[in-house]
Amino acid sequence: MTPDPSRELAGHLSVEASARRVRQYRYAEERMVRILAGWIALTPEVPVKLLMGRQVWDCAQHADLWGKRLPELRAPAQVSEPASQGLVGFMAALESREAWGETLERLTGIYRVLKPHLAATYAAHLARANPVFEAPTRRILERCLDEERRHLAEGRHALAVLARSEAARTRVARWEAELRGLLGSAGGVTGEDGTVPAEPEDREDPGAPAAADDAGARPRAEPEPGRDRAHAEPVARALEHARRLVSGDPGALDDLDPGARLEPADLFRQLLGEAFHGFDLVAHARIGRHHILKTRYVGHRTVVVQARWAETPEGGWRILAAEQVRVAGPEGA
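Note that the coordinates shown come from a computational prediction; the quantities given were computed from them, not determined experimentally. (Residues numbered from 1 in each chain as written. Predicted model: local features only at pLDDT ≥ 70, side-chain atom pairs only at ≥ 80, totals over all residues. Heavy atoms only, no water.)

Before we go on, may I ask you to explain the nonpolar core in this structure?
Nonpolar side chains in soluble globular proteins tend to be buried together. Core analysis: the biggest nonpolar cluster contains 49 residues, and Trp66, Phe90, Met91, Leu94, Ile110 and Tyr122 have the highest contact counts within it. At 10 residues, the largest contribution of residues to this core is made by helix α5 (residues 103–128). Ignoring anything within four residues of it in the chain, the contact list for tyrosine 122 reads Tyr25, Glu29, Trp66, Leu141, Cys144, Leu145 and Glu148. Counting 24 residues, the second largest nonpolar core, distinct from the first, contains Ala265, Phe268, Leu272 and Trp317. (Core = buried A, V, L, I, M, F, W, Y, C linked by side-chain atoms within 4.5 Å. Buried < 20%, exposed > 50% of the residue type's maximum accessible area, 1.4 Å probe, protein only. Helix = DSSP H or I, 4+ residues; strand = E, 2+ residues; numbered from the N terminus. Contact = heavy atoms within 4.5 Å.)

See below:
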């Protein structure tokens, strides 16, 4: 059968429908910017505060990209449009958890409901978008989807750290169910499907107790290919190093580069002897080929260690230098 050339140059949405869909996407991203930005000052947990600060920038970029796409679809630039009043109500409910002690609800709403739904919506659109006729839309979808998936991995890490107790898990489940109901009734971001996909089976569920050999560790996502690889690999190595240190495994010393100064070895030998019950990666910066990772160890006292990691010529990651940057009393008091 001879292919119909007109079909190969047609998108699954008309130009008018595409513009409306773009405005709906911009509304979702713009509202997330406002919500996350407003929560930063209300969130006492510093790692979560920093996470929101990083991600709010990405969401702002997404909203801007969608807004700039509109004139190419013969529509006014930088206009948002909610798919329904139900979605407006869902966003208002999501934003409403503003009390100082409601970080669990804030993380649940974003990382267990809104972002999974938005990522699934982007993925479904990308799967149907014509690679010829809708190439500009596809490029935006690919970028947004890649960053939303990274946001989800980071946000679920944070939620897993906080949702350890039975009471916390109950709060997560209750608020997630309420928001899923609102989003489903609204038909989601597009007004057509409010489904929130199930999370991957290999995730560490915030609703499950921490494994004995991973006490206090953040759940770890597999390094993603492409541009995130340079960040994912040293983070994964630092998390594994911290896990071994907390469990008292002398193998943690193997992560020290043979050329490292004596001080890091002495520091980590001392930490191996302490009864830490948890840890958290609180900061990460890249300087050239070096990655500076700051880890907080929690036990009868709280110790923050800053380590400089680099990839060796053999391909492994090693600690070149480290220092203890802060010590506090029991549980960080």
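I tried to follow the packing of aromatic side chains on my own but got confused; where do I start?
Geometry of an aromatic ring pair is reported as the spacing of the ring centres plus the angle between the planes. Considering all chains together, one arrives at 4 aromatic pairs under this definition. Relative to tryptophan 66, the ring of tyrosine 25 lies with its centre 5.1 Å away and its plane at 50 degrees, an arrangement referred to as tilted. Linking tyrosine 25 in helix α2 (residues 15–40) with tryptophan 66 in helix α3 (residues 46–69), this pair joins segments that are 41 residues apart in sequence. Just as tyrosine 25 is buried, tryptophan 66 falls in that class too. Relative to tyrosine 122, the ring of tyrosine 25 has its centre 5.0 Å away and its plane inclined at 85 degrees; by these criteria the two rings are edge-to-face. Placement of the pair is tyrosine 25 in helix α2 and tyrosine 122 in helix α5, with a sequence separation of 97 residues. Each member of the pair, tyrosine 25 as well as tyrosine 122, is classed as buried. In textbook terms, an aromatic cluster arises when at least three aromatic residues are bridged by ring pairs, as seen for Tyr25, Trp66 and Tyr122. Positioned over the ring face of tryptophan 175 is arginine 97, at 4.4 Å from the centre of the ring. (Phe/Tyr/Trp six-rings, centres within 6.5 Å; stacked < 30°, edge-to-face > 60°. Lys NZ or Arg CZ within 6 Å of the ring centre and 35° of its normal.)

Is there a simple way to explain the packing of α2 against α3 in this structure?
Geometry of a packed helix pair, given as the angle between the helix axes and the separation of the axes. It is at 8 Å that the axes of α2 and α3 come closest, and there the two elements cross at 155 degrees. In terms of axis orientation, α2 runs roughly antiparallel to α3. Like other packed secondary-structure pairs, α2 and α3 cross with a definite hand, here left-handed. Between α2, through Val22, Tyr25, Arg26, Glu29, Glu30, Met32, Val33, Leu36, Ala37, Trp39 and Ile40, and α3, the contact on the second element is made entirely by Lys49, Met52, Gly53, Val56, Cys59, Ala60, His62, Ala63, Trp66, Gly67 and Arg69. (Axes fitted to C-alpha atoms, helices over the stretch in contact; angles between N-to-C directions. Parallel < 35°, antiparallel > 145°, perpendicular 65-115°, else oblique. Left-handed = near helix turned anticlockwise from the far one by under 90°.)

Quick question: what am I supposed to make of the pattern of salt bridges here?
For side chains bearing opposite charge, pairing can occur when the charged atoms are close. Under the definition given, this model contains 21 salt bridges. Between arginine 112 and glutamate 176 there is a salt bridge, with the nearest N and O atoms lying 3.1 Å from each other. Here the residue arginine 112 occupies a position in helix α5, and glutamate 176 occupies one in helix α7 (residues 166–186), the gap between them amounting to 64 residues. For the pair shown, arginine 112 and glutamate 176 are each scored as buried. Glutamate 166 is the partner of arginine 169 in a salt bridge, and the nearest nitrogen-oxygen pair spans 2.8 Å. Here arginine 169 pairs with glutamate 166, and both are found in helix α7, just 3 residues apart, close to one helical turn. Residues joined by salt bridges that share partners form a network here, namely Asp58, Arg150 and Glu154. (Salt bridge = Lys/Arg side-chain N within 4 Å of Asp/Glu carboxyl O.)

How should I be thinking about the sheet that holds strand β3 (residues 302–311) in this particular structure?
Hydrogen bonding along the main chain pairs the strands of a sheet, whether they run parallel or antiparallel. On the basis of which strands lie adjacent, the open sheet formed by 4 strands has the order β1-β2-β3-β4 and antiparallel pairing. Each edge of the open sheet carries a strand with a single partner, namely β1 (278–287) and β4 (317–328). Between one strand axis and the next, the sheet turns by 20 degrees as a mean value, whatever way the strands run. Across 9 bridges, the pairing between β1 and strand β2 (residues 290–298) is antiparallel. (Pairing = 2+ DSSP bridges.)

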